[in-house]
Amino acid sequence: QVQLVESGGGLVQPGGSLRLSCAASGKILSIYNLGWYRQAPGKQREVVAIIDTDIDTSPKYADFVKGRFTISTDNNGLTLYMQMNNLKPEDTAIYYCYMDAYTRARGRDEYWGQGTQVTVSS
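**Quick notes on the pattern of salt bridges**
Step number 1: Within the structure shown, the criterion is met by six salt bridges.
Step number 2: Residue arginine 38 is joined to aspartate 91 by a salt bridge in which the shortest nitrogen-to-oxygen separation is 2.9 Å. Separated by 53 residues along the polypeptide, arginine 38 in strand S4 (residues 28-39) and aspartate 91 in the loop between strand S8 (79-84) and strand S9 (93-103) bring together distant segments of the chain. An identical accessibility class is assigned to arginine 38 and aspartate 91; each is buried.
Step number 3: Note that arginine 68 and aspartate 91 form a salt bridge whose closest N and O atoms lie 2.7 Å from each other.

**Notes on the state of the cysteines**
Step number 1: Summed over the entire model, instances satisfying the criterion amount to one disulfide.
Step number 2: The partner cysteine of cysteine 22 in its disulfide is cysteine 97, sulfur to sulfur 2.0 Å. Note on the cysteine 22 and cysteine 97 pair: the S-S dihedral is about -80°, so by sign convention the disulfide is left-handed. With cysteine 22 in strand S3 (residues 18-25) and cysteine 97 in strand S9, this pair connects stretches of sequence that are 75 residues apart.

**Let's talk about the sheet that holds S8**
Step number 1: Spatial ordering of the open sheet is given by S1-S3-S8-S7, a layout of four strands whose pairing is antiparallel. At either end of the open sheet lies a strand with only one pairing partner, and these are strand S1 (3-7) and strand S7 (69-73). Pairwise comparison of adjacent strand axes, ignoring direction, gives a mean angle of 15° for this sheet.

**Points about the packing of aromatic side chains**
Step number 1: Within the structure shown, the criterion is met by three aromatic pairs.
Step number 2: Centre to centre, the rings of tyrosine 37 and tryptophan 112 are 5.0 Å apart; their planes meet at 70°, and the pair counts as edge-to-face. Of this pair, tyrosine 37 sits in strand S4 while tryptophan 112 sits in strand S10 (residues 107-112); the two residues are 75 residues apart in sequence, bridging distant segments of the chain.
Step number 3: Between the aromatic rings of tyrosine 98 and tryptophan 112, the centroid separation amounts to 4.9 Å while the plane-to-plane angle is 55°, which identifies the pairing as tilted. Within this pair, whereas tyrosine 98 is found in strand S9, its partner tryptophan 112 is found in strand S10, the two being separated by 14 residues in sequence.
Step number 4: Judged by its relative accessible area of 5%, tyrosine 98 falls in the buried class.
Step number 5: The class of tryptophan 112 is partly exposed, set by a relative accessible area of 34%.
Step number 6: Taken together, the ring pairs connect Tyr37, Tyr98 and Trp112 into an aromatic cluster.
Step number 7: Its guanidinium or amino end placed over the ring of tryptophan 112, arginine 45 lies 4.6 Å from that ring's centre, counting from NZ or CZ.

Rules and cut-offs
Numbers given for residues are sequential positions, taken from 1 along each chain in its written order. Whole-chain, interface and lining totals are the exception, using all residues; otherwise, since this is a predicted model, local features are given only for residues with pLDDT of at least 70 and side-chain atom pairs are given and counted only at 80 or more. With hydrogens and water set aside, each side-chain value is computed from the structure's full complement of heavy atoms. Salt bridge, as used here: a side-chain nitrogen of Lys or Arg that lies within 4 Å of a carboxyl oxygen of Asp or Glu. By definition, any uninterrupted DSSP run of H or I lasting at least four residues is a helix, any uninterrupted run of E lasting at least two residues is a strand, and each is numbered from the N terminus. Burial classes follow relative accessibility: with a 1.4 Å probe on protein chains only, a residue under 20% of its type's maximum area counts as buried, one over 50% as exposed, and anything between as partly exposed. Here, a disulfide means two cysteine sulfur atoms that sit within 2.5 Å of each other. A pair of strands counts as paired when DSSP detects no fewer than two bridges linking them. Axis definition: a line fitted to C-alpha atoms, over the contacting stretch in the case of helices. Angles run 0 to 180 degrees between N-to-C directions. Stacked, tilted and edge-to-face pairs are distinguished by plane angle, under 30 degrees for stacked and over 60 for edge-to-face with tilted covering the rest, among Phe, Tyr and Trp rings (Trp via its six-membered ring) whose centres lie within 6.5 Å. Working rule: Lys NZ or Arg CZ, within 6 Å of ring centre, within 35 degrees of ring normal, means a charge sits over the ring.

Written as structure tokens, this is what we have:
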């Protein structure tokens, strides 16, 4: 079973920064996609940034975070980070870590973290 555990959310003023982390554990044999989604109150969950290893390892960003957010992984790819700079009130949302991975027990499947709240407010 794959588990994703996020940390790093919180309350920050507009223009501030936060760094989210997502630690993956479990018997992961291969990772296809990993990244971050977010869901604001009353809105659908939307992709923020993603790495699709089927295509290449260059991160893809939603237009609304380009130039402000940066995702990265550690050397083994099991810890995902997102540095968020110049945060805006509209970035307020629950942020979810996502992984599309292969395990011997479940084959290829999708996994989500429990979410971490990011609130941008003065």
